[in-house]
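Each chain, letter by letter, is given below.
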Amino acid sequence: MQAKSWSGRCLLVLVGFAGAAFLFGMNARPAAAASLEEIRKRGYMIVATEDDYPPFEFVKDGKPAGLHHDLVAILRKAVPFEIRQEILPWQGLLAGVATGKYDVAITAALITDERAKSLTFCMPTAEGTHYYVKRAGENRIKSIKDLSGLTVGVQQGSALAAALPELDEMLKKTGGRLGRVVQYASYPEVYQELANGRLDYAINTVVTVASLVRERPSVFAVGEAVSQRSYHAWAVKKGNNELRDYLNQFLAEQRKTGSLYKLQEKWFGKSFPDLPQVGMLPGDRPMPE
């Protein structure tokens, strides 16, 4: 298990970007994302999915599982070309799509303003509003204001980390402040640290938090929403609109037949029948009621 403090991670990120820029300039040219026509001509599409983000996508007993792996299985039968799937850690997955290494991220990426600068998002596959999760029986935390000054855990490189200033603003309105932020390589590590008492609370999306509490109700409890309404969606390289539209047609068909909602019920324990038809940026989204 490796955790990094907020300030330490920022320094590592800056160093990493500098090193990557040097290597990029010396050894590589930017990859061009394949258009739908190019995918058809070459006969395959490269799909990237995460390896450890249940219930969306994860590996269990050596086999892929989760909502998006089930959708990939349906997609394989629906398209006239091969699907070449790569299952990999979250870090670098979206960057791989933005640079053209992968054609599409079939993953639970949250739509954010920052990501929209380099990615084009499909219609959402689930709601992704952020909630805090605490240990069951944790009586110190009854509402958002009680999070002031406490230690929070999130995954490195996730939109949840980038959204923490939003929580900080919510805390400031109650006279509080955001406490220490610790980042981990994966959410299972975050939850383990929370259960062990090394974190006071964690932030994740409504689906994953609900799944966690459903599986371990004696260990964890869900709190309140700490963000504007958010959505999970697949992503292609910025401007690859033809491929986005093609994938949206597939997703719209899964909605029409009810297949998507059945899979949501299977993996989430609930469905989201009122999702938007397009990716929605934060300015378009209200706070949950």
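Residues numbered from 1 in each chain as written. Predicted model: local features only at pLDDT ≥ 70, side-chain atom pairs only at ≥ 80, totals over all residues. Heavy atoms only, no water.

K.L.:
What should I look at first to understand empty space enclosed by the protein in this one?
P.N.:
Leftover empty space is mapped by rolling, across the atoms, a probe with the size of a water molecule. Taken as a whole, this structure holds two cavities of 30 Å³ or more when the rule is applied. When its volume is computed, the largest cavity comes out at roughly 110 Å³. Lining the largest cavity are 14 residues, with Tyr53, Trp90, Ala108, Gln155 and Ser158 sitting closest to its centre. Of all the elements in the fold, those that place two or more residues in the lining of the largest cavity are β7 (104–110) and α5 (159–162). The class makeup of the residues in the lining of the largest cavity is eight nonpolar, four polar and two charged. By volume, the second largest cavity amounts to about 30 Å³. (1 Å grid on protein atoms, 1.4 Å probe; cavity = no way out; pocket = protein on both sides within 12 Å on 5 of 7 lines; lining within 4 Å. Points joined across faces, edges and corners; volume = space filled by probe spheres on them. Helix = DSSP H or I, 4+ residues; strand = E, 2+ residues; numbered from the N terminus. Nonpolar A, V, L, I, M, F, W, Y, C, P; charged D, E, K, R; others polar.)

K.L.:
I would appreciate a short explanation of the packing of aromatic side chains in the present structure.
P.N.:
Both the distance between ring centres and the angle between the ring planes are used here to describe each pair of aromatic rings. Counting across every chain of the model gives ten aromatic pairs. Through pairs of rings, three or more aromatic residues link up here, namely Tyr53, Phe56, Tyr187, Tyr191, Phe220, Phe268 and Phe272. Positioned above the aromatic ring of Tyr44, the side-chain terminus of Arg42 is 4.4 Å from the ring centre. (Phe/Tyr/Trp six-rings, centres within 6.5 Å; stacked < 30°, edge-to-face > 60°. Lys NZ or Arg CZ within 6 Å of the ring centre and 35° of its normal.)

K.L.:
What am I meant to see in the sheet that holds strand β5 (residues 63–65) here?
P.N.:
Pairing within the open sheet is antiparallel, and its three strands lie in the order β3-β4-β5. Each having just a single partner strand, β3 (52–53) and β5 make up the two edges of the open sheet. Examined bridge by bridge, β3 and strand β4 (residues 57–60) share two bridges and lie antiparallel to one another. Paired with Asp52 across the two strands is Phe58, which belongs to β4. (Pairing = 2+ DSSP bridges.)

K.L.:
Quick question: what am I supposed to make of the sheet that holds strand β8 (residues 119–127) here?
P.N.:
Strand pairing in a sheet is mediated by backbone hydrogen bonds. Such pairs are either parallel or antiparallel. Read across the open sheet, the five strands follow the order β6-β2-β7-β14-β8; overall the sheet is mixed. Pairing within the sheet leaves two strands with one partner each, and these edge strands are β6 (82–88) and β8. Mean inter-strand twist for the sheet, computed between neighbouring axes without regard to direction, equals 30 degrees. (Axes fitted to C-alpha atoms, helices over the stretch in contact; angles between N-to-C directions.)

K.L.:
In this structure, what is going on with the pattern of salt bridges? I would like to understand it.
P.N.:
It is possible for side chains bearing opposite charge to pair when their charged atoms get close. In this structure the tally under the stated criterion is 14 salt bridges. Two residues, Arg229 and Glu127, come together in a salt bridge whose shortest N-O distance is 3.2 Å. Taken as a pair, Arg229 in the loop between β13 (220–225) and β14 (231–237) and Glu127 in strand β8 lie far apart in primary sequence, 102 residues in all. One salt bridge in this structure joins Glu138 and Arg140, with 3.0 Å as the shortest N-O distance. Through salt bridges with shared partners, one network takes in Arg135, Glu138, Arg140 and Asp200. (Salt bridge = Lys/Arg side-chain N within 4 Å of Asp/Glu carboxyl O.)

K.L.:
How should the nonpolar core be read in this particular structure?
P.N.:
Burial of nonpolar side chains together is a common tendency in soluble globular proteins. Met45, Val133, Leu167, Tyr201, Ile203, Trp234 and Leu247 are the most contacted members of the largest nonpolar core, which has 90 residues in total. The element best represented in this core is β7, accounting for six residues. In this view, Val133 contacts Tyr191, Leu194, Tyr201, Ala202, Val209, Leu212, Val213, Phe220 and Ala221; residues no more than four positions away in its chain are not counted. (Core = buried A, V, L, I, M, F, W, Y, C linked by side-chain atoms within 4.5 Å. Buried < 20%, exposed > 50% of the residue type's maximum accessible area, 1.4 Å probe, protein only. Contact = heavy atoms within 4.5 Å.)

K.L.:
What is the right way to look at the layout of surface pockets in this model?
P.N.:
Taken as a whole, the second largest pocket encloses approximately 320 Å³ of empty space. In this structure, the second largest pocket is lined by 16 residues; those nearest its centre are Pro54, Tyr191, Ser211, Leu212 and Glu215. Those elements that place two or more of their residues in the lining of the second largest pocket are β3, α7 (187–195) and α8 (206–215). The biggest single contributor to the lining of the second largest pocket is α8, with five residues. Broken down by class, the residue content of the lining of the second largest pocket amounts to nine nonpolar, three polar and four charged.

K.L.:
Help me understand the side chain of Ser143, please; the structure alone is not making it clear to me.
P.N.:
Tracing the backbone shows Ser143 in the loop between β9 (130–135) and β10 (152–155). For Ser143, a relative accessible area of 18% corresponds to the buried category.

K.L.:
Can you walk me through the confidence of the model for the protein chain in this structure?
P.N.:
A low pLDDT means the predicted coordinates there should not be read in detail. Confidence in the prediction for the protein chain averages 86 pLDDT; 85% of positions are at 70 or higher. Considering each helix and strand of the protein chain separately, the mean pLDDT is smallest for helix α1 (residues 6–27), with a value of 37, and largest for helix α3 (residues 67–78), with 97. Low pLDDT (under 50) marks residues 4–30, which in the prediction has 18 contacts with non-local residues, meaning those over four places away or in another chain. A low-confidence stretch, residues 285–289 stays under pLDDT 50, and its non-local contacts, those more than four residues away or across chains, total 19 contacts. (pLDDT = per-residue confidence, 0-100.)

K.L.:
So what exactly am I meant to see when it comes to the packing of α3 against helix α10 (residues 259–268) here?
P.N.:
Two quantities define a packed helix pair, namely the angle between the axes and the distance from one axis to the other. At a minimum axis separation of 9 Å, α3 and α10 run at an interaxial angle of 150 degrees. Judged on the interaxial angle alone, α10 and α3 are roughly antiparallel. Relative to α10, the crossing made by α3 is right-handed. Across the interface between the two elements, Leu67, Asp70, Leu71 and Ile74 from α3 touch Leu260, Leu263, Gln264, Lys266, Trp267 and Phe268 from α10. (Parallel < 35°, antiparallel > 145°, perpendicular 65-115°, else oblique. Left-handed = near helix turned anticlockwise from the far one by under 90°.)

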